[in-house]
Structure formats: structure tokens, C-alpha cells
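Here is how the chains run, residue by residue.
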Amino acid sequence: TEFMLTDPNLTLVVEEEALAEAEQVDYEKSAELKSRLCIATEALEKLEIPESYNGIPVTEIASSAFAGMKDLKSISIPDSILRVGKDAFYGCISLPYKIDSINGLQYLGNEKSSHYVLLDRKRSSVSPILSIHNTTVVIADGALENYVQLTLAHIPASVRTIGDYAFRGCTG
């Protein structure tokens, strides 16, 4: 199943049953940020997020937006995305993540950078010093939360946004 978001003014709710039976997408108006993307389904395999719709930029992927979408194999993240919520891609086991072999950091890329979003730390690291990839643009909400040993993080100039609680609990 493939879907392209067409209206960032709406919070998108996709019910698996509705998608399977009627092949339709139900929309529900959102009173929150007009540029936030929220999707809830496990049925999608490919998703293309547009940079804007009707002149309004799509700038955020909400917390847990794609959580549990184990069949999602491809996602197109535009350069307009400046915030990625906590656990936005949690459980998306089919996505082509990049894992940094030194620090165990998990990234998700786009056409311009294979390390566009720093999502998480996938393994315990005893190193108190961390180097974030030099093409990373967004550090997701909670990305390095509770990395207790961390005393120094090298953040490249390419980073435009550091999410909420990205370094909470880093007490080293």
C-alpha cells in the first residue's frame, strides 16, 4: 500500500480496516500545529511526505507518528522537516536505517543526506564523547535521552534543530 500526504492542515488517521476494505483515507481536522504529520496504521509500505501543501510547509513529524509500522519500507523525508517527535519511527523494522558503528546511533536519511535525522541510540556505549554525523540536520525529541555516560557531544553545524528532551538524563 502506498500513500502520499496531501494536506498538512489535517491530522491524518488511517484505519487499517478502512484502508483494506474501502481503500480510502479518513481525515480528521487538527487544532494543533498545522504542519504536523500524524499517521496511525501498519498497512503502509511507502510514504512520501511533501515539503508543502498549498504553500504551507510540512515541518514536523509528530511523536509516535509511525510507531509500530513494521511494513513501512520507504519514507521520503523532505528538507522542510525540522522536528521529529519522540519514537516517531519506533518499531518500523523495515526502514533502511543507518547505524553508526562507533556510537551505535540510529539515523534516517533523505535524498540529500543519509543521516538527516538522528533518531536514537541503539546500543549501550561506554564512551563519554559522542560525535554526531556531519550531515545530520535534525536531532529527534528524546534521541539521546538517558545516555548517562555522555559528557561531550560534538554537534555539527549542519544541525538546525535539537528536539525536546534530546539530551535529558545525560548526567555524565
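Residues numbered from 1 in each chain as written. Predicted model: local features only at pLDDT ≥ 70, side-chain atom pairs only at ≥ 80, totals over all residues. Heavy atoms only, no water.

**Student:** Sorry, what's going on with the overall build of the protein here?
**Tutor:** Looking only at helices and strands, the protein has 1 helix and 17 strands in total. Within the protein, buried positions represent 44% of all 172 residues. For the protein, long-range pairs separated by at least 24 residues make up 44% of all intrachain contacts whose partners lie at least 6 apart in sequence. Total accessible area on the protein stands at roughly 8900 Å², and carbon and sulfur atoms take up 49% of it. (Helix = DSSP H or I, 4+ residues; strand = E, 2+ residues; numbered from the N terminus. Buried < 20%, exposed > 50% of the residue type's maximum accessible area, 1.4 Å probe, protein only. Contact = heavy atoms within 4.5 Å. Areas by Shrake-Rupley, 256 points an atom, 1.4 Å probe, with all protein chains shown as cover.)

**Student:** What is the right way to look at the sheet that holds strand β12 (residues 105-108) in this model?
**Tutor:** Within a sheet, adjacent strands bond to each other through the backbone by hydrogen bonds, running parallel or antiparallel. Read from one edge to the other, the open sheet built from 5 strands follows the order β11-β12-β13-β15-β17, with strand pairing classed as mixed. Each edge of the open sheet is held by one strand with a lone partner, namely β11 (98-99) and β17 (161-162). (Pairing = 2+ DSSP bridges.)

**Student:** Is there a simple way to explain the pattern of salt bridges in this structure?
**Tutor:** When the charged atoms of two side chains with opposite charge come close together, those side chains can pair. For the structure shown, the criterion picks out 6 salt bridges. Across the pair Glu60 and Arg83 runs a salt bridge whose closest N-O atoms are separated by 3.3 Å. Note that Glu60 is positioned in strand β8 (residues 60-61) and Arg83 in strand β10 (residues 83-84), a separation of 23 residues in sequence. Between Arg83 and Asp141 there is a salt bridge, with the nearest N and O atoms lying 2.5 Å from each other. Of the two residues, Arg83 is situated in strand β10 and Asp141 in the loop between β15 (138-139) and β16 (152-154); the sequence distance between them amounts to 58 residues. With relative accessibility at 24%, the residue Arg83 sits in the partly exposed group. Residue classification places Asp141 among the buried positions, given a relative accessible area of 5%. Counted as one network, the salt bridges with shared partners bring together Glu60, Arg83, Asp141 and Asp164. (Salt bridge = Lys/Arg side-chain N within 4 Å of Asp/Glu carboxyl O.)

**Student:** How do you make sense of unusual backbone geometry when you look at a structure like this?
**Tutor:** Where the residue is not glycine, phi is negative for most of them; where a peptide bond is considered, it is trans in most cases. The phi torsion at Asp87 lies on the positive side, around 60°, for a residue other than glycine. As for its placement among the helices and strands, Asp87 is situated in the loop between β10 and β11. A positive phi angle is found at Asn146, which is not glycine, with a value near 65°. Judged by its relative accessible area of 48%, Asn146 is partly exposed.

**Student:** I'm lost on the packing of aromatic side chains in this one. Help?
**Tutor:** The geometry of an aromatic ring pair is captured by two quantities: the separation of the ring centres and the angle between the planes. Scanning the model with the defined rule gives 1 aromatic pair in all. For the pair Phe66 and Phe89, a centre-to-centre distance of 5.1 Å together with 15° between the ring planes defines the contact as stacked. Residue Phe66 is located in the loop between β8 and β9 (74-76), and its partner Phe89 is located in the loop between β10 and β11; the two are separated by 23 residues in the primary sequence. Pair check on accessibility: Phe66 and Phe89 agree, each one buried. (Phe/Tyr/Trp six-rings, centres within 6.5 Å; stacked < 30°, edge-to-face > 60°.)

**Student:** Before we go on, may I ask you to explain the pairing of strand β13 (residues 117-121) in this structure?
**Tutor:** Two faces, one strand: in a regular strand the side chains alternate between the faces of the sheet. Burial analysis of β13 places 4 of its 5 residues in the buried class, the great majority of the element. In this sheet, β13 lies alongside β12 in antiparallel orientation, the contact comprising 4 bridges. Each residue of the ladder has a partner; that of Leu105, found in β13, is Arg121. With 2 bridges connecting them, β13 and β15 associate as parallel partners. Across the sheet, residue Val117 finds its bridge partner in β15, namely Val138.

**Student:** Honestly, the environment of Gly169 in this entry has me stumped. Any pointers?
**Tutor:** The topology assignment puts Gly169 in the segment after β17. Looking at Gly169, the relative accessible area reads 27%, which means it is partly exposed. Each C-alpha atom, one on Gly169 and one on Asn146, is 4.2 Å from the other, the two residues being 23 residues apart in sequence.

**Student:** Looking at this model, I keep getting lost on the nonpolar core. Mind explaining?
**Tutor:** Nonpolar side chains tend toward joint burial in soluble globular proteins. Core analysis: the largest hydrophobic core is formed by 37 residues, its most contacted members being Ile61, Phe66, Ile75, Val84, Phe89 and Leu118. Every element with two or more residues in this core is listed here: β12, β13 and β15. Those residues in contact with Ile75 that lie beyond four places of it in its chain are Leu47, Ile49, Phe66, Phe89, Leu95 and Leu108. (Core = buried A, V, L, I, M, F, W, Y, C linked by side-chain atoms within 4.5 Å.)

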